[in-house]
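Coordinate analysis (summary)
Residue-level listing of the chains:
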Amino acid sequence: MTVFLGLGIAGIVLLVLSLLLDGVLEGLFGGAGALDGLFDGLLSLPVVAGFVSMLGFGGALVLGTTGLGAGPATVAGACAGTGAGWLTWKLTRALMRDQTAPTPRGDDLVGTAGSVVTAIPADGYGEVLLHLAGQRVKYAARSSAAVARGTEIWVDAALSPTSVAVRPVER
């Protein structure tokens, strides 16, 4: 029983270390060419940790609740560990494939309507309030003509990641 509980605890400790150190343990073996890629996929540290902990705790559970010996407890723990390792592998693959939406760029603002919050002098800079991806954002704005505060504008071009060229909306 002690061996199984020790394996279970060792698996939990390995899992915590692999999460806290996030690749450092895997990087220790990065310099060895023969081990290159060994810890990717099925032999990653979270998968191994899941297998070892379920082997230990599953074996201890079978050994403690049934009259079976260490052999059947080891088989049951190995089956539970294989299942836990496979589920861990599938979960980590799904999380690694998760993609976020691309970050909006200044060019995404071209053609956007907004309003002037700080007056823009002729050939000078002011500030405009625009709506980008459902959020209100303030950008530095430049215009060839003077634009008063509160005027509705259109974005003609992105000058930089934080500034745009605008023109007043004609009515």
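Since this is a predicted model, take the numbers as computed values, not measurements.

Rules of the game
Residues numbered from 1 in each chain as written. Predicted model: local features only at pLDDT ≥ 70, side-chain atom pairs only at ≥ 80, totals over all residues. Heavy atoms only, no water. Salt bridge = Lys/Arg side-chain N within 4 Å of Asp/Glu carboxyl O. Helix = DSSP H or I, 4+ residues; strand = E, 2+ residues; numbered from the N terminus. Buried < 20%, exposed > 50% of the residue type's maximum accessible area, 1.4 Å probe, protein only. Contact = heavy atoms within 4.5 Å. pLDDT = per-residue confidence, 0-100. Axes fitted to C-alpha atoms, helices over the stretch in contact; angles between N-to-C directions. Parallel < 35°, antiparallel > 145°, perpendicular 65-115°, else oblique. Left-handed = near helix turned anticlockwise from the far one by under 90°.

Scanning the entire structure with this criterion turns up two salt bridges. Linking Glu 127 and Lys 138 is a salt bridge whose minimum nitrogen-to-oxygen distance equals 3.9 Å. In this pair, Glu 127 sits in strand S2 (residues 124-132) while Lys 138 sits in strand S3 (residues 135-143), placing the two residues 11 residues apart along the sequence. With relative accessibility at 30%, the residue Glu 127 sits in the partly exposed group. Taking relative accessible area as the criterion, Lys 138 reaches 53% and is therefore assigned exposed.

Take the side chain of Ser 163 next. Relative to the elements of secondary structure, Ser 163 occurs in strand S5 (residues 163-168). For Ser 163, a relative accessible area of 7% translates into the label buried. Those residues within four positions of Ser 163 in sequence are excluded, and the remaining contacts are Tyr 125, Tyr 139, Ala 140 and Ala 158.

On to the confidence of the model for the protein. Per-residue confidence for the protein gives a mean pLDDT of 83; residues scoring 70 or more make up 86%. The secondary-structure element of the protein with the lowest mean pLDDT is helix H2 (residues 24-27), recorded at 60, while strand S1 (residues 113-118) shows the highest, at 92.

The N-to-C vectors of helix H1 (residues 2-21) and helix H3 (residues 45-65) enclose an angle of 155 degrees; their axes lie 7 Å apart at closest approach. What the angle tells us is that H1 and H3 run roughly antiparallel. Crossing handedness for the pair H1 and H3: left-handed. Across the interface between the two elements, Phe 4, Leu 5, Leu 7, Gly 8, Ile 9, Gly 11, Ile 12, Leu 14, Leu 15 and Ser 18 from H1 touch Leu 45, Pro 46, Val 48, Ala 49, Val 52, Ser 53, Leu 55, Gly 56, Phe 57, Gly 59, Ala 60 and Leu 63 from H3.

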